[in-house]
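Close look at the chain arrangement
For reference, the chains in residue letters:
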Amino acid sequence: MKLDLNIQPLNSWIKATKEPLLIAGPCSAETEDQLVATAHLLANTGRVTALRAGIWKPRTRPGEFEGIGSIGLEWLKRAKAETGLPTTVEVATGKHVEEALKAGVDILWVGARSTVNPFTVQEIADALKGADVPVMVKNPVNPDLSLWIGALERINNAGITKLAAIHRGFSSYEKTAFRNEPMWDIAIHLKTLAPNLPIICDPSHISGNRELIGYVSQKALDLDMQGLMIESHIDPSVAWTDAKQQVTPSALADIIDRLTLRKPDTRDAEVNDKLTELRNNIDKIDDLIIQKMAERMKIAEQIGNYKKDNNITILQVNRWDEILNKRVNYGKALNLHPDFTEKLLELIHGESIRKQTEIMNQDIAGAAEDKVTTHA
Ligand code: PEP
Ligand code: MN
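Because the structure is a prediction, the values reported are computed rather than measured. (Residues numbered from 1 in each chain as written. Chains lettered and ligands numbered in written order. Predicted model: local features only at pLDDT ≥ 70, side-chain atom pairs only at ≥ 80, totals over all residues. Heavy atoms only, no water.)

1. What to know about the coordination of the manganese ion (ligand 2)
Taken together, C27 (SG), H205 (NE2), E231 (OE) and D242 (OD) make up the full set of protein donors to the manganese ion (ligand 2), lying 2.1 to 2.4 Å away. Sequence spacing among the residues donating to the manganese ion (ligand 2) works out to C-x177-H-x25-E-x10-D. Within this pair, whereas E231 is found in strand β8 (residues 227-231), its partner D242 is found in the loop between β8 and α10 (249-257), the two being separated by 11 residues in sequence. Residue D242 is classed as buried on the basis of its relative accessible area, which comes to 15%. (Donors = N, O, S within 2.8 Å, 3.2 Å for Na, K, Ca; no water. Helix = DSSP H or I, 4+ residues; strand = E, 2+ residues; numbered from the N terminus. Buried < 20%, exposed > 50% of the residue type's maximum accessible area, 1.4 Å probe, protein only.)

Structure follows, in structure tokens:
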């Protein structure tokens, strides 16, 4: 099922000066000089489409710098007047929305810590009613697509049609190379549900460090995301927030210069013919996989019936371990990543168990149904 969002195209409210579309600026506005000087350097790169800065910062722990507050709106005004860059700021309450709109901020965004809370999102949505301002909604901190969608729907229901999503990765208990696991499949899922919804990637908060920003940016563009939001500070070493992940404006320009821009399709007939041929091969293999899956499930059903007749449990752990080890090793020999083979087998095995459980419980379910009928 596709999402029923009423959305205007991205280029009706933000135009990339140069590809890719790039929103950049400091994590936090700290001083008027820091913000305005950073904005000038960013504008001079000729790469940046809009200036970002946090002025109300929802921090994980109290006592950390919680943003400069409303005075930052004046600094943003000055930065825009001097550089011509449109501005964007995070809003987390109805009052923030009112103040930002009054100060003429061009684009608003909802942060990850707000998206998790439908009360907060609804308060923001209510304050947005009647405004014609673009809004970008970051994914929630936790990997929950419904929460992300719910926030987009609430904002859209308030009449905001200049809408985009920002993918900034998800919190996970396991520590990896990323500050926030990208979990690309969640962003891809959102794209398939709402093909018109622009998705902008925030490689800074996914990476948590400068080194990974280029890699994450390239991956986002290869997945056909519509733009990037990257934190940039005139001197990251002294940044008051997110110091490790901010880059200077010139480092940002280098990162962007190194990206390869690929198109979603081409008019080159030869390239298209070759792609069609390869896709046909994939289609044939996919059909075969589905066919074989159905055959496998039929056998699982037979096994289920057999186990039932002979009073054997559905799951025999030893047998499962054996299947897993053998197949994962076989997969490895054929260049399949062990994690992939394991996940695939778990999915197939889960469905087998579900089918066998159904068979085992047929009598119980049947008896329960009989009872209901008798009593009715
Ligand atoms: C930010 O953009 O500075 C920010 C706080 O991001 P997030 O809401 O993604 O944590
Ligand atoms: Mn930040």
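Still more to cover.
2. Concerning the pattern of salt bridges
A complete count under the given rule lists 18 salt bridges for this structure. The salt bridge involving D126 is made with K129; its shortest N-O contact spans 3.1 Å. For the salt bridge of R179 with D242, the shortest nitrogen-to-oxygen distance reads 3.2 Å. Of the two residues, R179 is situated in the loop between β6 (163-167) and α7 (184-193) and D242 in the loop between β8 and α10; the sequence distance between them amounts to 63 residues. When salt bridges with common partners are traced through the structure, they connect E32, R78 and E82 into a single cluster. (Salt bridge = Lys/Arg side-chain N within 4 Å of Asp/Glu carboxyl O.)

3. Regarding the packing of aromatic side chains
Going through the model one piece at a time under the given rule, you end up with 2 aromatic pairs. Between F65 and W240 the ring centres are 4.9 Å apart and the planes differ by 90°, which places this aromatic pair in the edge-to-face class. Placement of the pair is F65 in the loop between β2 (50-52) and α2 (71-83) and W240 in the loop between β8 and α10, with a sequence separation of 175 residues. A relative accessible area of 23% means that F65 is categorised as partly exposed. An angle of 75° between the planes, with centres 6.4 Å apart, marks the rings of W148 and F170 as edge-to-face. With W148 in helix α6 (residues 145-157) and F170 in the loop between β6 and α7, the pair connects residues that are 22 residues apart, well separated along the chain. Among the residues examined, F170 registers a relative accessible area of 0% and is labelled buried. (Phe/Tyr/Trp six-rings, centres within 6.5 Å; stacked < 30°, edge-to-face > 60°.)

Keep in mind these numbers describe shape, not what the thing actually does.
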